[in-house]
Amino acid sequence: MEGLEIIQAFFILSLASSLAFAFASDPSPLQDFCEADPNGSVSVNGKVCKGAKLARAGDFYFSGLHIRKNTSNSAGLIVTPVNVAQIPGLNTLGIFMARVDYAPNGGLNPLHTHPRASEILVVMEGSLHVGFVTLNPENRLITKVLYPGDVFVVPQGLTHYQ
């Protein structure tokens, strides 16, 4: 009987752990979206929601990343952000996007970090030298030169540059 009890106990533990694994995830959001109310004054987790009944397609839309910007400044780059100010529907979603134009003779986005976000870089034209420094175990420098169509990921919180 001991062998059967061990098998039953193993089966019950396996079932319990698989159920726990199946339900181990981030909690679902309380609402589908929370498009920002530009006139709201309270800010808890982003901006005040204007209400789902007032949502329009324009709250989730931005046009302009196809426009090249002037890079004749000391850094040799210009950033076109796409955040909740441009797309109110991004409010509370934890998403940010940007187009970065670099000067043809070489711009520099100096060492910086994003403590709460990873970064994905996509090169559309030209080439871009990118890199980040690992924290563990030995503070290694990871670098790559990107070309059109290349994608590079910088893990969350690591110091990086372009």
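Parameters at a glance
Residues numbered from 1 in each chain as written. Predicted model: local features only at pLDDT ≥ 70, side-chain atom pairs only at ≥ 80, totals over all residues. Heavy atoms only, no water. Phe/Tyr/Trp six-rings, centres within 6.5 Å; stacked < 30°, edge-to-face > 60°. Helix = DSSP H or I, 4+ residues; strand = E, 2+ residues; numbered from the N terminus. Buried < 20%, exposed > 50% of the residue type's maximum accessible area, 1.4 Å probe, protein only. UniProt positions renumbered as here; feature names shortened; annotations may be inferred. 1 Å grid on protein atoms, 1.4 Å probe; cavity = no way out; pocket = protein on both sides within 12 Å on 5 of 7 lines; lining within 4 Å. Contact = heavy atoms within 4.5 Å. Polar contact = N/O pair within 3.5 Å; in protein donor to acceptor, adjacent residues only side chain to side chain. Patch = residues over 30% accessible without salt bridge, like charges linked within 9 Å, V, L, I, M, F, W, Y side chains within 5 Å. Areas by Shrake-Rupley, 256 points an atom, 1.4 Å probe, with all protein chains shown as cover. Salt bridge = Lys/Arg side-chain N within 4 Å of Asp/Glu carboxyl O. pLDDT = per-residue confidence, 0-100.

### Regarding the packing of aromatic side chains
Link 1 in the chain: Per the counting criterion, the structure on display carries one aromatic pair.
Link 2 in the chain: With a centroid separation of 5.9 Å and 50 degrees between ring planes, the pair formed by F132 and F152 is classed as tilted. Of this pair, F132 sits in strand β4 (residues 128-133) while F152 sits in strand β6 (residues 151-154); the two residues are 20 residues apart in sequence, bridging distant segments of the chain.
Link 3 in the chain: Of the residues examined, F132 reaches a relative accessible area of 9% and is grouped as buried.

### Re the UniProt feature "binding site: Mn(2+)" (unreviewed entry) in the chain
Link 1 in the chain: As annotated in UniProt, the feature "binding site: Mn(2+)" (unreviewed entry) corresponds to H112, H114, E119 and H160 in the numbering used here. A stretch of 49 residues holds the annotated residues, and the largest C-alpha distance among them is 11.5 Å, short enough that they meet in one place. Considering only the residues just annotated, the largest pocket is lined by H112, H114 and E119.
Link 2 in the chain: Along the chain, the position of H112 falls in the loop between β2 (97-102) and β3 (119-122).
Link 3 in the chain: If sequence neighbours within four positions are ignored, H112 has contacts with E119, L158, T159, H160 and Q162.
Link 4 in the chain: A distance of 3.3 Å separates a polar atom in the side chain of H112 from a polar atom in the side chain of H114.
Link 5 in the chain: Among the secondary structure elements, H160 is positioned in strand β7 (residues 160-161).

### Section: the side chain of Q162
Link 1 in the chain: Tracing the chain through its elements places Q162 in the segment after β7.
Link 2 in the chain: Of note is the side chain of Q162, whose polar atom sits 3.1 Å from the side chain of Y102.
Link 3 in the chain: Not counting residues up to four positions away in its chain, the partners in contact with Q162 are Y102, G107, L108, N109, H112, E119, L121, L128, H129 and V130.

### Structural notes on a nonpolar patch on the surface
Link 1 in the chain: A surface patch of nonpolar side chains, about 530 Å² in accessible area, is lined by I120, V122, M124, V151 and V153.
Link 2 in the chain: Within the residue set of the nonpolar patch, elements represented by two or more residues are β3 and β6.
Link 3 in the chain: With respect to the element layout, V122 can be found in strand β3.

### Quick word on the confidence of the model for the chain
Link 1 in the chain: Considering every residue of the chain, the mean pLDDT works out to 81; 79% of them sit at 70 or more.
Link 2 in the chain: For the chain, helix α1 (residues 2-22) is the element with the lowest average pLDDT, namely 54, and strand β5 (residues 141-146) is the one with the highest, namely 95.

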